Amino acid sequence: MAKVPHAELATANQIIDRIKQNLEGKGEPLNWSSGWSALMPSTDPMSQSKSTYSGLNWLALSLMQQMYTYESPYYVTKTWLQKNGGCVPYEIWAEHATVISWWNFPDEEKGEDFIPYCRKYKVINMSLISEWGEWKEEWVGLNKPKKKKVFHAIKGKTMPKKYIVEKLELKDHKPIDEAQSIADKYFGYNNAPELMPLLGKSTSPAYSDKRNQIYMPEMGQYNEPSRYYKTLFHEMAHSTGAKDKLNRQELQDFVSTGNRHAYSKEELTAEMTAGMLCTTAGIDTEENIENSAAYLKSWLGHLEDNPEMLVQAMKQAKKAHHFILNGKVQSYDKKKKEEKAKAK
C-alpha cells in the first residue's frame, strides 16, 4: 500500500499537475490576480491639469510619494495655490516643495522657430494644503509698505471636487487564527524581518533583503483574508533566503547581480513555500491553488518553459517552510533516516 504523501507535498504536486495541464493545452486557462486593491484609484504623480508627470519629474515626485505617503496624487504650483485659494504653511512648503523641469520645444507644424528652453517650478502635494480661502493683494509694512498677496481663510471652503480622491473602503476581515499564529511566530524570531506598510501608493508587496523588511498592503485591501496571508507567506519565504537565515543562492545571486534567471528560481521557491504554508494554516483553497499555479506558470518562461524546475524549487521550499515554522534549519537524524530506508 502506497504511503499517503505529506499534505504540503500533495499541495505542491497539485500545483505542478495544474501547470503541466495548462502547458499541454488541457484544463482551463490559468490567470493570475493579485487579490488586492490599491487605496487610491490613481497612483502616478499628476499635475494640476491632471496630466501624469514623466521622466525625471515622475521619478522625483514618486520618491516624495514613497517618503511621505501622501494621500493625493496631485501636485500644484504656488501660482495655482494663489489662484484657487489654497494655503500651505511656509515651513511645510520649505520641507516638501519639489523642483520640476518643464521643457518647451518648437512645433515645426506650427512654423515655430526658437531655441528650446527649460523652466523650473516648485510643486507641492495637494494633501498638504491646510486651509482654503482667497489671496488678496494688500499693502504690508509700516516704514516701506509694499503690495503683497495675503491669505484670508474662508469658513466652509474646501478643495475643488475634481481633486478629491476617494479612498478605498477597507473590508472588515477578521484574522485567520492559524495563519496569523504562523506569521506572529515567524516575526517573533530574533533575526526576523520587520513587517511594514507599503511605501507609497504604486508599490506592490515586497521583501527588501538590504533592509530586512517586508512591505504589505492592509488586510482590508484584499478580497479575502486568505489571499492576504498567502501573499504574506510568499514574502516571508523570500526573507528566509537572507544570509543570516538559509542563505539561499538564488536570492543572493539576484541581490548581488540582478540575475533574472536566479530571480525566476527564487520566485518559484517563494510561491511553493507559500502554498505549503497555506496548507499548514488550513487555507489551501482551490482559488489559492489555481492562483499559485498561474503565478508559477508566468515565471516558467525564464526557465525555458521547463515545469520540472519546480521539483528543484520544492526542495528549497521545504527548507523555507521548516525554517518559518521552527526558526532554524531542518536537521536530519542519521539513524531515523536509515530506519526509514529499511522500512521501505
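Residues numbered from 1 in each chain as written. Predicted model: local features only at pLDDT ≥ 70, side-chain atom pairs only at ≥ 80, totals over all residues. Heavy atoms only, no water.

A. Inspection of helix α7 (residues 249-257) at higher detail. Inspection of α7 places E250, L251 and Q252 among the buried residues, and these make up the whole buried set. Positive phi shows up at G258, right after α7, with a value of about 75 degrees. (Buried < 20%, exposed > 50% of the residue type's maximum accessible area, 1.4 Å probe, protein only. Helix = DSSP H or I, 4+ residues; strand = E, 2+ residues; numbered from the N terminus.)

B. Molecular detail of the sheet that holds strand β1 (residues 75-77). Read across the sheet, three strands follow the order β1-β4-β3 without closing on themselves; strand pairing throughout is antiparallel. The open sheet is flanked by β1 and β3 (98-104), the only strands paired with a single partner. Sheet twist, expressed as the average angle between the axes of neighbouring strands with direction ignored, equals 50 degrees. Sheet topology note: the β3/strand β4 (residues 117-125) ladder contains seven bridges and is antiparallel. The residue of β4 that forms the bridge with I100 is Y121. (Pairing = 2+ DSSP bridges. Axes fitted to C-alpha atoms, helices over the stretch in contact; angles between N-to-C directions.)

C. Local environment of the sheet that holds strand β7 (residues 194-197). Pairing within the open sheet is mixed, and its three strands lie in the order β7-β9-β8. One side of each edge strand has no neighbouring strand; the edge strands of this open sheet are β7 and β8 (206-208). Neighbouring strand axes in the sheet, compared pairwise and without regard to direction, differ in orientation by 25 degrees on average. Packing of helix α6 (residues 225-239) onto the sheet brings it into contact with β7, β8 and β9 (213-216), and relative to β9 it is tilted by some 160 degrees. (Contact = heavy atoms within 4.5 Å.)

D. Seen up close, the side chain of T240. Summarising the element assignment, T240 is placed in the loop between α6 and α7. For T240, a relative accessible area of 0% puts it in the buried group. At a separation of 3.0 Å, a polar atom in the side chain of T240 contacts the side chain of R248. Discounting chain neighbours no more than four positions away, the residues touching T240 are Y186, K245, L246, N247, R248, A320, F323 and I324. (Polar contact = N/O pair within 3.5 Å; in protein donor to acceptor, adjacent residues only side chain to side chain.)

E. Representation of the nonpolar core in the model. Grouped together as the largest cluster of nonpolar side chains are 25 residues, with contacts concentrated most on I182, Y228, Y229, L232, F233, M236 and I283. Elements with a minimum of two residues in this core: α5 (177-187), β9, α6, α8 (260-281) and α10 (309-326). With five residues, α6 is the single largest residue contributor to this core. If sequence neighbours within four positions are ignored, Y229 has contacts with P175, I176, A179, Q180, M219 and I283. Core analysis: the next-biggest nonpolar cluster, separate from the first, contains 21 residues, L61, Y70, V76 and I129 among them. (Core = buried A, V, L, I, M, F, W, Y, C linked by side-chain atoms within 4.5 Å.)

F. Structural detail: the confidence of the model for the chain. Confidence along the chain averages 79 in pLDDT terms, with 74% of residues attaining 70 or more. In the model of the chain, helix α11 (residues 334-343) stands out as the element of lowest mean pLDDT, 56, in contrast to α5, which has the highest, 96. Taken together, the stretch residues 1-5 has pLDDT below 50 and engages in zero contacts with residues farther than four places along the chain or on a different chain. Scored below 50 in pLDDT, residues 26-32 makes 16 contacts in the model with residues more than four places away or belonging to other chains. (pLDDT = per-residue confidence, 0-100.)

G. Examining the pairing of strand β6 (residues 146-153) more closely. Where strand β5 (residues 131-140) meets β6, eight bridges bridge the pair, whose relative direction is antiparallel. Opposite G133, over in β6, you have A153 as the bridge partner. Here β5 folds back onto β6 in antiparallel fashion, the turn holding five residues, of which G141 has a positive phi close to 105 degrees.

H. Main features of α5. When α5 is considered as a whole, its buried residues turn out to be A179, I182, A183 and Y186. For α5, the buried positions fall inside an angular range of 95 degrees around the axis, keeping them on one side. (Arc of directions from axis to C-beta.)

I. Spotlight on the pattern of salt bridges. Summed over the entire model, instances satisfying the criterion amount to four salt bridges. The partner of K136 in a salt bridge is E134, and the shortest N-O contact between them spans 3.4 Å. The partly exposed category is assigned to K136, whose relative accessible area is 41%. Residue classification places E134 among the partly exposed positions, given a relative accessible area of 33%. In this structure, K230 engages E271 in a salt bridge whose closest nitrogen and oxygen atoms are separated by 2.2 Å. Residue K230 is found in helix α6, and its partner E271 is found in helix α8; the two are separated by 41 residues along the sequence. Across the pair, E271 and K230 agree in class, each one buried. (Salt bridge = Lys/Arg side-chain N within 4 Å of Asp/Glu carboxyl O.)

J. How the structure looks around a nonpolar patch on the surface. A cluster of nonpolar side chains, L56, W58, L59 and L63, forms an exposed patch at the surface whose accessible area comes to about 410 Å². A residue is classified by how much of its surface remains accessible, and L56, at 71% relative accessible area, is exposed. (Patch = residues over 30% accessible without salt bridge, like charges linked within 9 Å, V, L, I, M, F, W, Y side chains within 5 Å. Areas by Shrake-Rupley, 256 points an atom, 1.4 Å probe, with all protein chains shown as cover.)

K. Geometry of the packing of aromatic side chains. Applying the stated criterion to the full structure yields 14 aromatic pairs. Arranged with centres 6.0 Å apart and planes meeting at 45 degrees, the rings of F114 and Y117 form a pair that is tilted. Residue Y117 is classed as partly exposed on the basis of its relative accessible area of 30%. Ring plane angle 65 degrees and centroid distance 5.8 Å describe the contact between Y186 and F187, whose orientation is recorded as edge-to-face. (Phe/Tyr/Trp six-rings, centres within 6.5 Å; stacked < 30°, edge-to-face > 60°.)

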